[in-house]
Amino acid sequence: MKVSCLQENLSAGLGDVGRAVASRTPLPITNNVLIATDNGRLKLSATNLELSITSWIGAKVEEEGVIAVPARLLTEFVSSLPSEQVEMSLPARSRSLNVKCARFEANISGADPEEFPPTPTISDGLEVEIASDVLQMAIQNVAFAAATEDSRPVLTGVQLELKGDTLLLAAADGFRLAVHEAKLGSAVPEDTSVIIPAKTLSEVSRIASGQEEPIKIMVNAGKTQVLFRLKDAEIVSQLIQGTFPNYGQLIPKDFATRAIIDVSEFARATRAASIFARDGSGIVRLQMTAGEGEDGVGTLSVSARSEEVGDDEGKIDATVEGEPAKIAFNSKYLSDVLNVLGQGMVALETSSPSSPGVLRPMSPAEGTTYVHVVMPMFVQW
Amino acid sequence: MPRAPWRYILHADLDAFYASVEQLDNPEYRGLPLVVGGSVSGRGVVAAASYEARKYGIHSAMPMRTAVRLYPEIVQVLPRFSRYREVSGQVMGIFHRLTPLVEPLSLDEAYLDISRQVPSDMLEEVARGLKAAVKEETGLVITVGGGSTKTISKIASQLAKPDGLMLIKPGDERSFLDPLDVDLLWGVGPKTAEILKHHRIKTIGELADSDLVWLSRTFGKRGPELKERASGLEQDRVEPFRETKSVSSEVTLPKDVGERTALEKKMEELAQEVAVRLRKEELRGKTIWVKLRLADFTTFTRQQTFNSATDDAETIFRVARDLMRRELRPGLEFRLLGVGVTNFQESSQLTMFPTE
């Protein structure tokens, strides 16, 4: 094998596949990244058997070849190189990859590429194309609400539903629920729903960032695997088996109080309060009061207190309908959702201090709807 | 918040509250001696007596049987607490229109701090307005006492009952309190009163003038508090969000019971009631206690504290039952059972899915 490529391209490619590299594995070969020439490009692959990522980078191929080398070692070495041409060569029948860049030269001991687990391919089943920005936004709005560890594996996943021309993503960790709906542009041949590990989707969104070309999603007929085909990468993941909770039931149908608030002001007040909430198990208290004057401008008070540190209260103008209300949330759950909402106005709907609170953006991106439900904290007021 | 230029507190008390609600809801009871209270046949006690009944010497906490003996034709009504709570809420709402600083002491009385709302020359007008508003909107009668401390306002309303109004001007604290019986003072129960009287302290004024060192030695840290209260100087604020310290329920049994299953059945009902109230008030406690009274009136409590807080009837019952079982002895009979939850947990994250 003899190839050359730009240091930044190689470094980026290794970064893309890096999250799929196994750590603490009974199968040591999966600590490697597979490097192979592929139709005039360089193909990098990593897998932890649940998630496989392949990335293609532009390269000048003089001699075909393939080798598996320790992923961390190569990634760290390449990232420390100057931003110049990198030449990699592998003498025939050798297992030692020679890497040259500027005045650096390294020899890295590799492993037999035949031992590297083959990347699963999906040939039958469902295939659908989604605009990259539509899918990325859906993932960013939903994936963080999935559980990171849970006795119920389905909660570590994101429910993906394709129905007609609609894409729906939903995630819930037991304390919050995020549901995002978007238009696909065209109808899917067959309605489908699968549970994709939230980590997989985060990788898809990360690698797709900046990509304008649509993303192709393929689900095999047995619904055990999903493949995301990006412009220069492929992500294949096992699906989570099981039944996702009936999230429709978890979204309150009505409310006693609704406040419409500027997202960035709300986020600022939450940030300020969370500094004081750190000590007190993260409790941020919200109080909504309707306006008394003719302009009807009410107030949302965002406060936190801790025995040791002190207290803080921020007041924001809000259009409040209904009864005066109070509700307390974990500051992390509140700031997570406000972060993805970014800007604009959001409606906060509550029924009682111990019933779920609902946040909905007032003007979501065209063709999308988003609803976020957060369970409150039970506190002494 | 800047300090109010002066301090003025009202104590508003609904007259014969439960009985008045019953007379209001049931016009046929109006003008009749009436008592609200537990079972008529058994040993229930009078929870409230109408003013007509009080003329016959009937008062709350009196055994129902005594009330019936004093006035055999008395109207007896079982309490309807949910209705009383509803009416109480309405009345507290009226208080809140006057000041946000309303501290409810129970369903039928509250302190109102009106220092910031009412100028000194309008006190009487405002207090009369409050009485009128309650009467007009609920049909109920309140007595209002007022003064520069909680103690003074409460004593004033006690003295002015029924349908009364007594406002003590700032500066008149001592002249009002001094001649009064010392046992009118909050914190002076029969035992304290006995000690005081033994030392020739019969009036609040004498208590106010008594030696601080002697008071401290005799009553501990309660001593200086009593002297402050008696002097009309205590600074206790009206606390609008007074925390509930304990949620409990108890019952006087119709006859003394020693049998385990019968006691446990009763305990289960009580636990159920406590759980319902905890949930209603959105409280969860870590400590569960039981109160037991023997046939000979010996009363004691037993408690157990856990790491996690609960509002669950089953849990409360299980713990209460175990605490009670340890006290059961052959031949021992109980006349009262109670169960309560306290040591409320400050916060917990609620979850979407019920725990499995």
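Residues numbered from 1 in each chain as written. Chains lettered and ligands numbered in written order. Predicted model: local features only at pLDDT ≥ 70, side-chain atom pairs only at ≥ 80, totals over all residues. Heavy atoms only, no water.

Engineer: Honestly, the overall build of chain B in this entry has me stumped. Any pointers?
Structural biologist: Scanning chain B for helices and strands turns up 13 helices and 13 strands. For 356 residues, the compact-globule formula gives about 21 Å, and the C-alpha radius of gyration of chain B, at 23 Å, lands near that figure. By principal-axis analysis of the C-alpha atoms, chain B measures approximately 60 × 55 × 55 Å. Here chain B holds 356 residues, and the buried ones make up 46% of them. The long-range fraction of contacts in chain B, counting pairs at least 24 apart against all pairs at least 6 apart in sequence, stands at 64%. Total accessible area computed for chain B in this model is approximately 18,500 Å², and 51% of it derives from carbon and sulfur atoms. (Helix = DSSP H or I, 4+ residues; strand = E, 2+ residues; numbered from the N terminus. Rg over C-alpha atoms; globule rule 2.2 N^0.38 Å. Buried < 20%, exposed > 50% of the residue type's maximum accessible area, 1.4 Å probe, protein only. Contact = heavy atoms within 4.5 Å. Areas by Shrake-Rupley, 256 points an atom, 1.4 Å probe, with all protein chains shown as cover.)

Engineer: What is the right way to look at the interface of chain B and chain A in this model?
Structural biologist: Often, the extent of an interface is quoted as the loss of accessible area on bringing the components together. In this complex, chain B contributes 15 residues to the contact, which on the side of chain A involves 23 residues. When chain B packs against chain A, close to 1,800 Å² is buried across both sides, 62% of that on carbon and sulfur atoms. It is Gln349, Met352 and Phe353 of chain B that lose the most area in chain B upon contact with chain A, and together they represent 40% of the buried surface on that side. Where chain B touches chain A, the interface holds zero salt bridges. The element best represented in the side of chain B that touches chain A is strand E13 (residues 347-349) of chain B, accounting for three residues. Among the residues making up the side of chain B that touches chain A, the classes are represented as six nonpolar, five polar and four charged. Here strand E26 (residues 377-379) of chain A runs beside E13 of chain B; their pairing, made up of three bridges, is antiparallel. If you follow Val379 of chain A over to E13 of chain B, its bridge partner there is Ser347 of chain B. (Buried area = accessible area lost by both parts, 1.4 Å probe. Salt bridge = Lys/Arg side-chain N within 4 Å of Asp/Glu carboxyl O. Nonpolar A, V, L, I, M, F, W, Y, C, P; charged D, E, K, R; others polar. Pairing = 2+ DSSP bridges.)

Engineer: Even after reading the chapter, I still don't get the sheet that holds strand E2 (residues 34-37) of chain B, so can you show me in this structure?
Structural biologist: Note: strands within a sheet are paired through backbone hydrogen bonds, in either parallel or antiparallel orientation. Residues and elements named next belong to chain B. A sheet is described by the order of its strands in space; here three strands give the open sequence E3-E2-E4, paired in mixed fashion. Lying at the two open borders of the sheet, with one neighbouring strand each, are strand E3 (46-49) and strand E4 (75-77). Adjacent strand axes in the sheet meet at a mean angle of 25° when their direction is disregarded. Taken together, the three bridges between E2 and E3 define a ladder with antiparallel strand orientation. Following the sheet pairing, Gly37 is matched in E3 by Val46. Along the sheet face, helix H1 (residues 17-25) touches E2, E3 and E4 and points at about 115° away from the line of E2. (Axes fitted to C-alpha atoms, helices over the stretch in contact; angles between N-to-C directions.)

Engineer: Explain the state of the cysteines here, please?
Structural biologist: Here a disulfide denotes one covalent bond, and it connects the sulfur atoms of two cysteines. All names here are of chain A. If you walk through the whole model with that rule in mind, you get zero disulfides over all chains. Free cysteine Cys5: the closest other cysteine sulfur is in Cys101, separated by 9.2 Å. Taking the relative accessible area as the measure of exposure, Cys101 reaches 2% and is therefore buried. (Disulfide = S-S within 2.5 Å.)

Engineer: Sorry, what's going on with the pairing of strand E23 (residues 345-350) of chain A here?
Structural biologist: Regular strands place side chains that alternate from one sheet face to the opposite one. All names here are of chain A. Counting buried positions along E23 yields five of six residues, so the element is predominantly enclosed. Two elements, strand E18 (residues 257-262) and E23, share six bridges in a ladder whose sense is antiparallel. Bridge pairing in E23 links Ile261 to Val346. Pairing between E23 and strand E24 (residues 357-361): four bridges, direction antiparallel. The residue bridging Leu348 from the neighbouring strand is Leu359, located in E24. Between E23 and E24, which pair antiparallel in sequence order, lie six residues.

Engineer: Is there a simple way to explain unusual backbone geometry in this structure?
Structural biologist: One can expect most non-glycine residues to show negative phi and most peptide bonds to be in trans. Pro162 of chain B follows Lys161 of chain B through a cis peptide bond whose omega is -10°. With respect to the helices and strands, the residue Pro162 of chain B is situated in the loop between helix H6 (150-160) and strand E8 (165-167). In this structure, Arg93 of chain A is a non-glycine residue whose phi angle is positive, near 60°. Within the secondary structure layout, Arg93 of chain A lies in the loop between strand E7 (85-89) and strand E8 (96-101). Backbone geometry at Ala61 of chain B places phi at a positive 75°, although glycine is not the residue there. As for its placement among the helices and strands, Ala61 of chain B is situated in the loop between helix H2 (51-54) and helix H3 (64-70). Judged by relative accessible area, which is 59%, Ala61 of chain B ranks as exposed.

Engineer: How should the sheet that holds strand E20 (residues 297-306) of chain A be read in this particular structure?
Structural biologist: Residues and elements named next belong to chain A. The twelve strands are arranged E14-E11-E12-E13-E25-E24-E23-E18-E21-E20-E19-E22 in an open sheet whose pairing can be described as antiparallel. For this open sheet the edge positions go to strand E14 (192-197) and strand E22 (325-330), each flanked by a neighbour on one side alone. The sheet shows a mean angle of 25° between the axes of neighbouring strands, direction not considered. Strand direction decides the pairing type here: strand E19 (residues 283-289) and E20, joined by five bridges, are antiparallel. The residue bridging Arg285 from the neighbouring strand is Ser303, located in E20. Running at roughly 170° to strand E13 (residues 176-183), helix H3 (residues 132-142) makes contact with strand E11 (157-163), strand E12 (166-172), E13 and strand E25 (369-374) of the sheet. On the sheet, helix H6 (residues 331-341) packs against E13, E19, E22, E23, E24 and E25 and is oriented at approximately 90° with respect to E22.

Engineer: Explanation requested: the nonpolar core in the structure shown.
Structural biologist: Counting residues in each nonpolar core, the largest one holds 97 residues, and the members touching the most others are Leu10, Ile35, Phe228, Phe266 and Leu286 of chain A. The biggest single contributor to this core is helix H5 (residues 263-277) of chain A, with six residues. Residues contacting Phe228 of chain A, with those up to four places away along its chain left out, are Leu135, Ile196, Thr200, Leu201, Val204, Ile215, Lys216, Ile217, Ala233, Glu234 and Ile235 of chain A. Among the nonpolar cores identified, the runner-up in size contains 35 residues, and Val102, Ala110, Leu112 and Val126 of chain B belong to it. (Core = buried A, V, L, I, M, F, W, Y, C linked by side-chain atoms within 4.5 Å.)

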